[in-house]
Amino acid sequence: MCCNNSLSEKEVHLKESIPVDLQAIRGMKFFDPHVHMTSRTTDDYQAMADAGVVALIEPAFWLGQPRTGPDTFRDYYSSLIGWERFRSSQFGIKHYCTIGLNSREANNEPLAEQVMEMLPLFIYKEGVVGVGEIGFDDQTALEEKYYRLQLDLAKEAGLPVQVHTPHRDKKKGTQLSMDIALEQGLNPYMVIIDHNNEETVKEVLDRGFWAAFTIYPFTKMGNERMVDIVKQYGTERIMINSAADWGISDPLAVPKTAALMKQRGISDADIQLVTYQNAITAFGQSGQINEMDFGHLINIDQSERFEGNTVLRGGQQPRIDTSSIIIS
Ligand SMILES: [Zn+2]
């Protein structure tokens, strides 16, 4: 299973050999404003908590294969404000979510209509900090239709909007997303444009929107590029996230990037803005985020129940010693 290209193999090794030094950021708190925990394991929750992640936002999204009916949407939204929030609390992490119809499934019009009908039942719930993630995938007419309708909904509810920008034709899709948000009468300060890169950041900031960056292996942004962006553009209205999901992704992307920023000479105050505070300022406009709720989840009792269920299965004991080789 090996390749003959020893040079690129060497390069890969060289990259991998930069050690992660999370010790350098010990004591710092992080807020990951875009991470799909439904797709992640309890080990991920534990590792995030250990690395200083105290709160997160889980946007409603595309689950990897198309849903066939409205009931699976309803159950998914319910789990974001129910079971998943509880599961997160069992690791000491405050869980918020954004609720919306993702761009891919907006292309199934009969289903999209049914989902639109149920959105008002969820967006006003406690802990829902925005409408998201919505926007464009293939930049089709149906995507535009449901993007506009959901912007109206967010405006009416006074909620921030979390906008997913497309992978293909990103620059055009990002510009279009901003144009439409303004056309629908949204204040750009209420709109978080996500998945930015070097090509889009300037215009997003110039037009008064928030610019979120996803640190995602191989595709979106690497964190060395992110360090350069912060050095060039500063920290105002910039935030980073992991967007960790069911794909090859890294739920520790935020703390790791903070550590790299520190290594590369960015001040603690600036790191705190892009890895914690700015996300709270932006999504806090929902009126749903209270920092006093973070870090109060110490002394967690993993035998607590949510509707009769715990994160412990079949009489398991709460996990305590992660450093032991023995699993008992
Ligand atoms: Zn996402």
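Scroll up to find the structure this text is about.
As the structure is a computational prediction, the values presented were derived from the model and not from experiment. What you see as residue numbers is a count from 1 along each chain, following the sequence as written. Predicted model: local features are reported for residues with pLDDT of at least 70 only, side-chain atom pairs are reported and counted for 80 or more only, and whole-chain, interface and lining totals are derived from all residues. Side-chain figures throughout are based on the complete set of non-hydrogen atoms in the structure, without hydrogens or water.

## Some thoughts on helix α11 (residues 268-283)
Piece 1. Here a strand is any run of E in DSSP of at least two residues, a helix any run of H or I of at least four, and the numbering for each starts at the N terminus. For a helix, the expected span equals 1.5 Å multiplied by the residue count minus one. Here α11 spans 22 Å end to end across 16 residues, near enough to the 22 Å set by a 1.5 Å rise per residue.
Piece 2. Consider a residue and the seven residues that end there alongside the seven that start there; fitting an axis to each set, the bend is the angle between those axes. Its axis deflected by about 50° at valine 274, α11 carries its strongest bend there.
Piece 3. Where α11 is concerned, the buried positions are Ile271, Val274, Thr275, Tyr276, Asn278, Ala279, Ile280, Ala282 and Phe283. Type-normalised accessible area, obtained with a 1.4 Å probe on protein chains alone, sets the label of each residue: buried when under 20%, exposed when over 50%, and partly exposed for intermediate values.

## Focus on the coordination of the zinc ion
Piece 1. Distances from the zinc ion to its protein donors, namely His34 (NE2), His36 (NE2) and Glu133 (OE), fall within the range 2.1 to 2.2 Å.
Piece 2. Each donor residue of the zinc ion lies on one chain, and together they are spaced H-x1-H-x96-E.
Piece 3. Look at histidine 34 and you get buried, because its relative accessible area is 1%. Donor atoms: N, O and S within 2.8 Å of the metal, or within 3.2 Å for Na, K and Ca. Because water is excluded, sites can look incomplete.

## Comments concerning the packing of aromatic side chains
Piece 1. Each Phe, Tyr or Trp ring, with Trp reduced to its six-membered ring, pairs with another whose centre is within 6.5 Å; inter-plane angles below 30 degrees give stacked pairs, above 60 give edge-to-face pairs, and intermediate values give tilted ones. Counted under the stated rule, the structure contains 12 aromatic pairs.
Piece 2. Between tyrosine 77 and phenylalanine 122, the aromatic rings sit 5.4 Å apart at their centres with planes inclined by 55°, giving tilted as the arrangement. Taken together, the residues span a long stretch of sequence, with tyrosine 77 in helix α3 (residues 70-81) and phenylalanine 122 in helix α5 (residues 109-123) at a distance of 45 residues.
Piece 3. On the accessibility criterion, phenylalanine 122 (6% relative accessible area) is buried.
Piece 4. Placement of a charge over a ring requires the Lys NZ or Arg CZ to be within 6 Å of the ring centre, with the centre-to-atom vector within 35 degrees of the ring normal. Here the guanidinium or amino end of arginine 67 rests over the ring plane of phenylalanine 73, the centre of that ring lying 4.0 Å away.
Piece 5. Across from the ring centre of tyrosine 76, 4.9 Å away, lies the NZ or CZ of arginine 67, which sits over that ring.

## Points about the environment of valine 128
Piece 1. Position of valine 128 among the secondary structure elements: in strand β4 (residues 128-135).
Piece 2. Considering only alpha carbons, one finds valine 128 and serine 286, 158 residues apart in sequence, at a separation of 7.9 Å.
Piece 3. Contacts are assigned to residue pairs with any non-hydrogen atoms lying within 4.5 Å of each other. Leave out the neighbours within four places in its chain, and valine 128 touches Ile81, Arg85, Cys97, Ile99, Phe122, Ile123, Leu159, Ser286 and Gln288.

## Some thoughts on the pattern of salt bridges
Proximity of charged atoms lets side chains of opposite charge pair with each other.
Piece 1. For this analysis, a salt bridge means a side-chain nitrogen from Lys or Arg found within 4 Å of a carboxyl oxygen belonging to Asp or Glu. For the coordinates displayed, the defined rule picks out 17 salt bridges.
Piece 2. Where arginine 148 meets glutamate 183, a salt bridge forms, and the shortest distance between an N and an O atom there is 2.9 Å. Separated by 35 residues along the polypeptide, arginine 148 in helix α6 (residues 141-157) and glutamate 183 in helix α7 (residues 170-183) bring together distant segments of the chain.
Piece 3. Residues participating in the shared-partner salt-bridge network are Glu109, Glu113 and Lys145.

## Here's the deal with the pairing of strand β3 (residues 94-99)
Piece 1. Burial runs high along β3: five of the six residues are buried.
Piece 2. A pair of strands is treated as paired once DSSP finds two or more bridges between them. As defined by bridge partners, strand β2 (residues 53-59) adjoins β3 across five bridges and the pair is classed as parallel. Bridge pairing in β3 links glutamate 58 to cysteine 97.
Piece 3. In this sheet, β4 lies alongside β3 in parallel orientation, the contact comprising three bridges. By the bridge assignment for β4, threonine 98 is matched with glycine 130.

## So, the environment of glutamate 84
Piece 1. As for its placement among the helices and strands, glutamate 84 is situated in helix α4 (residues 83-89).
Piece 2. Residue classification places glutamate 84 among the buried positions, given a relative accessible area of 4%.
Piece 3. Through-space distance from the C-alpha of glutamate 84 to that of histidine 95 is 7.9 Å; in sequence the pair is 11 residues apart.
Piece 4. Not counting residues up to four positions away in its chain, the partners in contact with glutamate 84 are Met37, Thr38, Tyr45, Glu58, Ser79 and His95.

## Some points on the sheet that holds strand β1 (residues 30-32)
Piece 1. Across the sheet, which stays open at both edges, the eight strands sit in the order β1-β2-β3-β4-β5-β6-β7-β8 with parallel pairing between neighbours. On the outer flanks of this sheet lie β1 and β8 (238-241), each paired with one strand and no other. Each neighbouring strand pair of the sheet contributes to a mean axis angle of 25°, computed without reference to strand direction.
Piece 2. Where strand β7 (residues 210-214) meets β8, four bridges bridge the pair, whose relative direction is parallel. Across the sheet, the residue bridging to alanine 212 is methionine 239, located in β8. Note on geometry: axes are C-alpha line fits, over the in-contact stretch for helices, and angles between N-to-C directions span 0 to 180 degrees.

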